[in-house]
Structure formats: structure tokens, C-alpha cells
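Survey of secondary and tertiary structure
What follows is each chain in one-letter form.
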Amino acid sequence: MISLIAALLKKTGTGLDLLEINQHCNKVKKALQAREESKHQALLTGFGIKNDADDALETIEAPRFTPILIIVPSSVVDNWQNEFKTWGHFNVGVYAGSNREKALDRIKDGLDFILITGKSLFTRAGDYDELAQVEWKVVIVDEYHEFKNGKSQSFKRLQDLRDNCECPIVGMTGTLMQNKHEELFFLIDLVRPGLIGSKEAFRNEISRPITYARAKDAKQKVLDLAEEREQILRNAIRPAFLERKKEVVLKDELTEKKEEVIFCELTDIQKKIYRHIIALPDYQQLRFANAPCDCGVNKQYFRGYKKMKTHREQLDYQRRNKGILTLKKECCYRYPWNPLRDEPGEPQIEPDAILWKQSHEKEIGCPIDIAQNVIDGKYVACQNCPTCTTLVAMHKLYKISSHPNLLQVDRLESAAAQKKKLEFAKVAFTPEILKEMPGGSYYKSDGIMDDHMKLSGKMRTLDYCLTKFLKRRNRVLVFSYSTAALDVIQNHIKVSEYLYLLSIKMMLYEMYSKGPFLS
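Residues numbered from 1 in each chain as written. Predicted model: local features only at pLDDT ≥ 70, side-chain atom pairs only at ≥ 80, totals over all residues. Heavy atoms only, no water.

1. Considerations on the layout of surface pockets
- Counted as a void, the largest pocket has a volume near 1400 Å³.
- Lining the largest pocket are 30 residues, with Glu260, Leu462, Leu477, Val478 and Phe479 sitting closest to its centre.
- Looking at the lining of the largest pocket, the element that brings in the most residues is helix α22 (residues 457-471), giving nine residues.
- Taken together, the residues that form the lining of the largest pocket break down as 18 nonpolar, five polar and seven charged.
- Estimated volume of the second largest pocket: approximately 980 Å³.
- Looking at the lining of the second largest pocket, the elements that each hand over two or more residues are α1 (2-8), β5 (169-172) and α9 (181-191).
- Looking at the lining of the second largest pocket residue by residue, the class counts come to 15 nonpolar, five polar and five charged. (1 Å grid on protein atoms, 1.4 Å probe; cavity = no way out; pocket = protein on both sides within 12 Å on 5 of 7 lines; lining within 4 Å. Points joined across faces, edges and corners; volume = space filled by probe spheres on them. Helix = DSSP H or I, 4+ residues; strand = E, 2+ residues; numbered from the N terminus. Nonpolar A, V, L, I, M, F, W, Y, C, P; charged D, E, K, R; others polar.)

The structure is reproduced here in C-alpha cells:
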């Protein structure tokens, strides 16, 4: 994008660009000074302001495509400014912080040709009104897909700016369409109004035929129509859509990608915790949710099943009659009932069913006014029980597979988060297991890192790989979908012989071995 801007501003990529900027700014400053002197003289004499000062400003020529507005995520404003400094000589202003008014004045006066602002400021009413006063020649939008919602304030602001200034919009994104065709329509229509027709026509002629073809039982006629409309859509957006793929642009620079998957065996402590957790009521309920209920409701089904003589007949019988089976999740095992619930003082829900209880605990008013089933006076059962806890249950198993430390309570978290974690940690860690955890406590002890190799199979494998790579002076990139897992890795690196560079936002580490190559 900087190359495009450089071409629009007729940059040479040499020191001549800096010389031209200085000459231009000197002319503007002299004209501005003359205008201020004229105002001062008018106040002293009582006569009107001379037009010569303003005429001098109008005679100063600027590149045709100025001023340029660049809208970016607020977190990368500084990155954009630094890139302009790296790749050439540009007079760039930043509309942010307490210097917003000054930056806008420099654009209006012609001292700067480019203004960078964050999306949040651009969307805010007062700041948008200020930015809209400038007759922008080009508006460039980074992370353009964030404007995909036609009803959002950001979309309406950008649309109004385009219409008021009659300026072209250039959007940059790696994901032009994320979820549905309507997003694509708004993004294309914003840069080229009317290119793909009206919203209604696009929905009826393009979106719906393509969507219908995705159905599992779509007929060939529907599939053919969808393919035809997809081709029409590709041809239609071609004038407004330039695609750059790394396989094409960097085909001579990219090394061949080689992927290897390493299966990490769980450590002994991980296996103990895993086996204990899957025996908890929440997990037992999920494991056998689709099994036939054992209360006797399926007697007729099993009577017929026993009459089948061969295995083939049994399979055929199952396929034909599976619809009459009543599953545990539909009958007696929908909720994690306490086996002792009929005894005095015992709750209805199993005390160790922590995940279910945390998902269904709500403030209860008058039970008569609540249409849903209320259990133990504080749990509101949902229609998706018991499978409603599937994702959270799987996430706990993922944490165990990564590192047992992830199930311990972090004292830096909020009180509510600590309470939830502590409740599960108390049922996940038996007294024997707790003795083997760092610090022997339900709470994290990040300073105690000597047991990492014993606690986590992943950490053991990671350390082995790092040792191999860093001995060869390789640079290593380690990334994870879990920031909590990255914190564990960071603590391990701190006590190792590696130097590390941590970026939480990008969720990656770049690690170097100690050596003269760092210089």
C-alpha cells in the first residue's frame, strides 16, 4: 500500500523527495505567516484582511492525490507511521491523543499530505465531524473486513465520507468474506457503488442460489445454477478486487514448507488426573448420554434384538429400529442426579458435578413464576441438558493434556473466576495428586518450575525440540491458541538458558540461544 501511495504522490525514493517536502513546507509556512500578519494588521488598523495571504496558499501546488486519509485499527497506528519512515520520505500526521486538532490543522494547511487515524476515533461522532470537514482525495482502510456490517456505525461513517468527498476508497483485508454473502455485498458496494446491483437483487440472484447449493440433499440442477452464479459473481467483482497470494508474489522467496506432527505422551501425573476427571459425574453423564436407558423403557427393543441370530441381522435390526430407542439423555440421566438424593439432607444434584452446577446456577425468584425446571432451589435446568456442558468439559481435558498447572487457580484473576476454578480444582485434584502439583496447592506457584518436565509431556517434548534447534543456531517460533499455555512456556524459558522475546498480542515467542550471532 505504501508503494501505491508513493506512486500517487510521485515519489522518487531518493533524497529529492525530502528536498521537495522541505521546499513545500517552507512555502506553506511563509504563506501562513503572511496570513497571520495580515490578520494582526487588520486588527490594528480596523481595515479588512487582505486577500494576498490566502491567495499565496492557493498558489502552492500539492500532489493531485492529497490529502490522504488512512483508517487503521488503533493498535497499529504507530506501526503504520514507522513503516512510512522506513520506506521513504513522507509528511505524515497522526490523528490521535491530545494532538488531534494540531494534526488536522496541518492537513488543512497543506503541511502534511497523509493522516493516519484509528478506527475507534474515526467512528466517534465528534472526531468524525472534524475529519469530514476535509476534502479527502483517497481514503485507505486497513482491516477492511471490520466494516462488513451495513448497519454498523463504522460502515455508515465511511459511506457518508465517501459520498461527501466523492473520493475513492481502498480497502485491505485478508478475509473479504467471513460468514455470509451480505458482508461481501457491503464491502464491494462501499468501494464501487452499484457494481453488483442492489442488495435485494444480489440476495435473490447470487446469494440464495449459492446458499441453497450447500444443502446436503441439493439436486444437480441447484448445484449447476450455483456454479453459474458464482462465476457471475467472480466476474462482477473483478474490477474492484485485486488478490495477492504469497504463493504467487513470494514464490521465489518462500522455502518449501514441511510439516511434522509429534504426538506427546502424557506424563504419569497427567494420566492420573485425566482418569480421575473422566470418572467425575459431569463426564460420566456425557460419555453415556447416547446409550439406551437402563430403566426398562427399552425392553421391547431388546426383545427383538435377542431374536436376531447373525451379526448381520443384528446390525440391520439396529438400523431399522434405532428410532424407537430411548436414550439416557432423554430419560433418567438428563441431569447429574445424586444417588443419595432420597435421603434426608442430601441435594438432588451430585455434589461433584461442578461443571453442570456452574453452568446452571442462577438467581431464583419465585419458583412459581419460572417456567423452567428449578433444582435444589438455585439451578435452572436447560433444554440442552446434559450436552450443554460438552465444550467446557472438553476444554478442561485440553488443559490437562497441555499442562496440569492450567487447572490451578491464578491469584491475579477476578474473585469470580478464582471461585469457579477453585471449585473444579477441588474435585479434579485428589489429596495424592495435589502433593505432586507445584507448591502442593490448588493455587499456581509459577516460581516453582523444576517439575515442568515431570508434569507435562508437551513441555518435555518442547524442551527437547528447542535444545536441538538452538544448538544449530536456528530461530524458533513457538505459538499456541492458549495464552495461559504461553504463560507456562514463558516461565519455563525464564529459568532455562534461552533468551526470549514475548508478544502476548500475537501469541508467539521468538527464542534465541546465547551466542555471538545476536550481535
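Now that the structure is up, let's keep going.
2. So, the sheet that holds strand β4 (residues 138-142)
- Within the open sheet, the five strands sit side by side as β2-β3-β1-β4-β5. Their pairing is parallel. Of all the strands in the sheet, just β2 (92-95) and β5 have a single pairing partner and so form its edges. Across the sheet, the mean angle from the axis of one strand to that of its neighbour is 20°, orientation sign disregarded.
- In the sheet, strand β1 (residues 68-72) pairs with β4 via four bridges, with the strands oriented parallel. Bridge pairing in β4 places Ile68 opposite Val138.
- Sheet strands in contact with helix α8 (residues 153-165) are β1, β4 and β5, and its direction is about 160° off that of β4. (Pairing = 2+ DSSP bridges. Axes fitted to C-alpha atoms, helices over the stretch in contact; angles between N-to-C directions. Contact = heavy atoms within 4.5 Å.)

3. With respect to the side chain of Ser152
- Along the chain, Ser152 falls in the loop between β4 and α8.
- Among the polar contacts listed, one links the side chain of Ser152 to the backbone oxygen of Asn149, at a separation of 2.7 Å.
- A distance of 3.3 Å separates a polar side-chain atom of Ser152 from the backbone nitrogen of Phe155. (Polar contact = N/O pair within 3.5 Å; in protein donor to acceptor, adjacent residues only side chain to side chain.)

4. With respect to a nonpolar patch on the surface
- On the surface, a nonpolar cluster with roughly 320 Å² of combined accessible area is contributed by Val248, Val249, Leu250 and Leu254.
- Tracing the backbone through its elements, the reader meets Val249 in helix α12 (residues 246-249).
- For Val249, a relative accessible area of 39% gives the class partly exposed. (Patch = residues over 30% accessible without salt bridge, like charges linked within 9 Å, V, L, I, M, F, W, Y side chains within 5 Å. Areas by Shrake-Rupley, 256 points an atom, 1.4 Å probe, with all protein chains shown as cover. Salt bridge = Lys/Arg side-chain N within 4 Å of Asp/Glu carboxyl O. Buried < 20%, exposed > 50% of the residue type's maximum accessible area, 1.4 Å probe, protein only.)

These figures capture arrangement, not role.
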